[in-house]
Amino acid sequence: MRKIATFLVGTLIALPGIAHAAQPCLTPAEASSLAAYALPAAITGTTKRCAATLAPTAYLRKSGAELATRYSARKAQNWPQARAAFFKIGGTKQNGSSDLLNQLPDPSLQQMLDAIIEGMVAQEIPTAKCGEIDRIVGLLAPLPAQNTADLIAVVVGLGSKTGKAATDKFAICKS
């Protein structure tokens, strides 16, 4: 689970054109909303990346598209906090590209983020990890999307509290 959380967070913060400020902290709700928003694109990218290496009976090959669709149901609800979290971890770039992104209409920004997340996941997952990821996704699939997102936020938060953060780009704020 920690590997998936780390990868998902890494994907979100490695988006082109966004500078990283000193490690900001996200509230648990912001981290959860960001994870919930990104999950459908991350699942789609993972399914594409791993399809050729997984057995035909693997969860992602059989049900990855359906899971991504199911997890998409609450994207609109999660978007406002996910957007705020995205810009919080992105910081402000001196050349103004973050300001430019901030001025994009939400549908354009969402379409761009979805494509980048899906593409980066599809490109970056080591195919040797596909079996392990497939197993984890299959175990998490029965959970509602929000529970999975909350779990990712908790895993990231636990890492920041122990000093072994899943990411060095942001932390979960102390409650």
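Worth saying up front: this structure is predicted, and the values here are computed from it rather than measured. (Residues numbered from 1 in each chain as written. Predicted model: local features only at pLDDT ≥ 70, side-chain atom pairs only at ≥ 80, totals over all residues. Heavy atoms only, no water.)

Side note on the overall build of the protein chain
Of the regular secondary structure elements, the protein chain holds eight helices and two strands. Looking at the 175 residues of the protein chain, the share that counts as buried comes to 47%. Nonlocal contacts in the protein chain, meaning residues at least 24 apart in sequence, comprise 82% of its contacts between residues at least 6 apart. When the accessible surface of the protein chain is summed, it comes to about 8,600 Å², and 58% of that surface belongs to carbon and sulfur atoms. (Helix = DSSP H or I, 4+ residues; strand = E, 2+ residues; numbered from the N terminus. Buried < 20%, exposed > 50% of the residue type's maximum accessible area, 1.4 Å probe, protein only. Contact = heavy atoms within 4.5 Å. Areas by Shrake-Rupley, 256 points an atom, 1.4 Å probe, with all protein chains shown as cover.)

Considering the environment of Thr127
One can find Thr127 in the loop between helix H6 (106-124) and helix H7 (130-140). Residue Thr127 is classed as partly exposed on the basis of its relative accessible area of 36%. Separated by 78 residues in the primary sequence, Thr127 and Arg49 place their C-alpha atoms 7.2 Å from one another. Excluding residues that lie within four positions of it along the chain, Thr127 makes contacts with Arg49 and Thr53.

Some words on the pattern of salt bridges
Side-chain pairing between opposite charges can occur once the charged atoms of the two side chains come close. The tally for this structure, following the rule as stated, stands at five salt bridges. Of the charged contacts, one joins Lys88 and Glu30 as a salt bridge, the two residues approaching to 2.8 Å between their closest N and O atoms. Residue Lys88 is located in helix H4 (residues 75-90), and its partner Glu30 is located in helix H2 (residues 28-50); the two are separated by 58 residues in the primary sequence. Residue Lys88 is classed as partly exposed on the basis of its relative accessible area of 31%. Close ionic contact of Lys75 with Asp114 constitutes a salt bridge, the shortest N to O distance being 2.7 Å. A residue pair is termed long-range when its members are at least 10 positions apart, and Lys75 in helix H4 and Asp114 in helix H6 qualify at 39 residues. In terms of burial, Lys75 and Asp114 fall into one category: buried. (Salt bridge = Lys/Arg side-chain N within 4 Å of Asp/Glu carboxyl O.)

Overview of the nonpolar core
If you look at the biggest cluster of nonpolar residues, it comprises 41 residues, and the most contacted ones within it are Leu26 and Leu34. Among the elements of the structure, H2, helix H3 (59-72), H4, H6, H7 and helix H8 (145-162) are those that each provide at least two residues to this core. With 11 residues, the top contributor of residues to this core is H2. Setting aside residues up to four positions removed in sequence, Leu26 forms contacts with Ala31, Leu34, Ala85, Lys88, Ile89, Phe170, Ala171, Ile172 and Cys173. (Core = buried A, V, L, I, M, F, W, Y, C linked by side-chain atoms within 4.5 Å.)

Remarks on the confidence of the model for the protein chain
When pLDDT is averaged along the protein chain, the result is 82, and 75% of the positions lie at 70 or above. pLDDT under 50 marks residues 9-21. Its contacts with residues more than four places away, or in other chains, come to 38 contacts. In the model, residues 92-96 has pLDDT below 50 throughout and makes five contacts with residues more than four positions away in sequence or in other chains. (pLDDT = per-residue confidence, 0-100.)

Notes on H3
Side chains of residues three or four places apart in an α-helix project in the same direction, reflecting 3.6 residues per turn. With 14 residues, H3 extends 18 Å between its outermost C-alpha atoms, agreeing within 8% with the 20 Å of an ideal straight helix rising 1.5 Å per residue. At Ala65, H3 shows its largest kink, close to 35°. Those residues of H3 that sit buried are Leu60, Ser63, Gly64, Leu67, Ala68 and Tyr71. (Expected span 1.5 Å × (residues − 1). Bend = angle between axes of the 7 residues up to and from the residue.)

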